[in-house]
Amino acid sequence: MHLNRRSLLALMGGFAALPTMAEAAGTDAGTAGKADASNPYGPRYLGKASAPIQVMEFYSLTCPHCAFFETNTLPEVKKKFIDTGKLRLTFRDFPLDGIALMAAQVARSLPASEYYPFVAALFASQDKWAFAPGEHTKAQYEKAIFRYAALAGMDKASFDAAIANDKLKQFILDERSHAEKKYKIDATPTFIMNGKKHEGAMTFKEFAAYIGQV
């Protein structure tokens, strides 16, 4: 169960399509740097760096299957594996459309401590802000995403600066295009662990089996 770029764009009426890999070649910049409030380009993750199990999740904030994993599976994964020091889960941006890209820019512009709570809140209410009925305009999406950013402590000036940050936008696009090239990512969510690839959301039991913890 997963969602690829083409199917999501069809679902969202083709809104704000992103460039292909050939149009936005990049490097694996997301694996370097310290994750702090002053460095939106650093890694974003849950878990200790020393955790014996290291998993990357490539996700899009407008992907319903990503939302399923984050809201139904990750809380138990966090309790059983991340909080116990067994697993480190690194979030890798793979926006499937312009709205997911904008939301990712905002997420990375928050203090690192607010990154996961903000992302979790967006996934938990995805139907309300990403797929709400009615007219879909960029201004409406901005207004909807800002409501969640404000709850995370971001003021309007900082929000506007985040979505206007072309350097950060290109960084995220570069991450995505590198993932397409290096890991052959073309759907979300996709998980990578020691070269072992899994496409699609998983239940807790399925994820536990994937990381060898059954």
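The structure we're discussing is the one just above.
All values derive from a computational prediction rather than experimental measurement.

Enquirer: It is not clear to me how the overall build of the protein should be interpreted in this structure. Could you clarify?
Expert: A count of helices and strands for the protein gives 9 helices and 7 strands. Considering only residue pairs separated by 6 or more positions, the protein has 76% of its internal contacts joining residues 24 or more positions apart. Total accessible area on the protein stands at roughly 9700 Å², and carbon and sulfur atoms take up 55% of it.

Enquirer: Even after reading the chapter, I still don't get the nonpolar core, so can you show me in this structure?
Expert: Grouped burial of nonpolar side chains is what soluble globular proteins tend to show. In this structure, Val55, Leu74, Phe118, Trp129, Ile145 and Phe207 are the most contacted members of the largest nonpolar core, which totals 56 residues. In terms of residue count, helix α2 (residues 64-82) provides more of this core than any other element does, 7 residues in total. Discounting chain neighbours no more than four positions away, the residues touching leucine 74 are Leu46, Phe69, Ile82, Leu89, Phe91 and Tyr116. By size, the runner-up hydrophobic cluster in this structure holds 7 residues, among which are Tyr41, Leu168, Phe171 and Ile172.

Enquirer: For this particular structure, what's the right way to read the pattern of salt bridges?
Expert: Per the counting criterion, the structure on display carries 7 salt bridges. Notably, a salt bridge pairs aspartate 93 with arginine 108, separated by 2.7 Å at the nearest N-O pair. Pair noted here: aspartate 93 is in strand β4 (residues 87-93) and arginine 108 is in helix α3 (residues 98-109), with a separation of 15 residues, a long-range link. Take aspartate 93: its relative accessible area is 3%, and that puts it in the buried class. Where glutamate 142 meets lysine 138, a salt bridge forms, and the shortest distance between an N and an O atom there is 2.4 Å. With glutamate 142 and lysine 138 both in helix α6 (residues 138-151) and 4 residues apart, this pair spans about one turn of that helix. Given the relative accessible area of 47%, lysine 138 is considered partly exposed.

Enquirer: How should the pairing of strand β6 (residues 190-193) be read in this particular structure?
Expert: Within a regular strand, side chains alternate between the sheet's two faces. Side chains Thr190 and Ile192 project from β6 onto one buried face, and the interleaved Phe191 and Met193 project onto a second face that is buried too. Taken together, the 3 bridges between strand β3 (residues 53-59) and β6 define a ladder with antiparallel strand orientation. By the bridge assignment for β6, glutamate 57 is matched with phenylalanine 191. In this sheet, strand β7 (residues 196-199) lies alongside β6 in antiparallel orientation, the contact comprising 4 bridges. Within β7, the residue paired with phenylalanine 191 across the bridge is histidine 198. Here β6 hands over to β7 after 2 residues, with asparagine 194 in that stretch at a positive phi of 50°.

What counts, and where the lines are drawn
- Within each chain, residues carry numbers counting from 1 in the order of the written sequence.
- Thresholds applied to this predicted model are a pLDDT of at least 70 for local features of residues and 80 or more for the giving and counting of side-chain atom pairs; totals over whole chains, interfaces and linings are not thresholded and use all residues.
- Side-chain figures throughout are based on the complete set of non-hydrogen atoms in the structure, without hydrogens or water.
- Under the DSSP-based scheme used, a helix requires at least four consecutive residues in state H or I and a strand at least two consecutive residues in state E, with every element numbered from the N terminus.
- It only takes one pair of heavy atoms within 4.5 Å for two residues to be counted as in contact.
- Shrake-Rupley sampling with a 1.4 Å probe provides the accessible areas, and residues are treated as covered by the protein chains on show and by no other component.
- By nonpolar core is meant a set of buried Ala, Val, Leu, Ile, Met, Phe, Trp, Tyr and Cys residues that side-chain atoms within 4.5 Å join together.
- Per-residue accessibility, obtained with a 1.4 Å probe over protein chains only, is compared with the maximum for each type, and a residue is labelled buried under 20%, exposed over 50%, and partly exposed between these values.
- Salt bridges, as used here, are contacts in which a Lys or Arg side-chain nitrogen is within 4 Å of a carboxyl oxygen on Asp or Glu.
- In this analysis, strands are considered paired if DSSP registers two or more bridges between them.

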